[in-house]
Amino acid sequence: MQQQKAARQTSSKLILFVGGARSGKSVLAEEIVRQYGRVAYVATAEAVDAEMIERIRKHRESRSGGWVTYEVDELLEQALAAAFKDSEAVIIDCLTVYVARRMIQTANDDEIIDEAANVAHMAKESGKTVVIVTNEVGMGIVPEYPSGRRYRDLLGKVNQQVAEVADKVLFTVAGIPVDIKSLRTPII
């Protein structure tokens, strides 16, 4: 058992859960990290209204009691660095909300994409298991407004950055994860 724990701590594993809203991504991500003793939960949501306050409350209730929560105040990279200090595994929930927050803060798209790439590389080099949750928002209708189209396109690029670095990319539908990265075949 001790050897298994030591092996877990020295090898990094980056897992990306992607899917639609309420597809079961967060529940499955939490299932994965329950096997670890010290878990850090990096929360990207901001309690800006009654509905978000309720969503955050429900998410907190679903977590194990010993998990430490790190809330993203400004940059995800800062919260992630703090979370690495005393954890065996980390959940980032979720990139979807983080990208929206960064857009509101008027960060330019390239800056947000670079941040996502940095987060993925930090996770990969951390020696920890890191599970990142994000939504796939590009499978529906084209948003009517420019800001909606910008968000859809930007989140798609962010997800691609993280997926490229991730060891596993699990597409979640109706609570069922499918490892889509292992299914990837060369284009030519």
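All values derive from a computational prediction rather than experimental measurement.

Trainee: Honestly, the sheet that holds strand β5 (residues 129-135) in this entry has me stumped. Any pointers?
Mentor: Hydrogen bonding along the main chain pairs the strands of a sheet, whether they run parallel or antiparallel. Within the open sheet, the 7 strands sit side by side as β3-β2-β4-β5-β1-β6-β7. Their pairing is mixed. Strands with a single pairing partner mark the edges of an open sheet, and in this sheet they are β3 (68-71) and β7 (176-179). In this sheet, adjacent strand axes meet at a mean angle of 20° when their direction is disregarded. Here strand β6 (residues 168-173) pairs with β7 via 4 bridges, running antiparallel. When the bridges of β7 are listed, F171 appears paired with V178. Seen against the sheet, helix α4 (residues 76-84) touches β2 (39-43), β3, β4 (89-93) and β5 and runs at an angle of roughly 155° to β4. Relative to the sheet, helix α7 (residues 146-165) contacts β1 (13-19), β5 and β6, its axis offset from that of β1 by approximately 145°.

Each value, and the rule that gives it
- Residues numbered from 1 in each chain as written.
- Predicted model: local features only at pLDDT ≥ 70, side-chain atom pairs only at ≥ 80, totals over all residues.
- Heavy atoms only, no water.
- Pairing = 2+ DSSP bridges.
- Helix = DSSP H or I, 4+ residues; strand = E, 2+ residues; numbered from the N terminus.
- Axes fitted to C-alpha atoms, helices over the stretch in contact; angles between N-to-C directions.
- Contact = heavy atoms within 4.5 Å.

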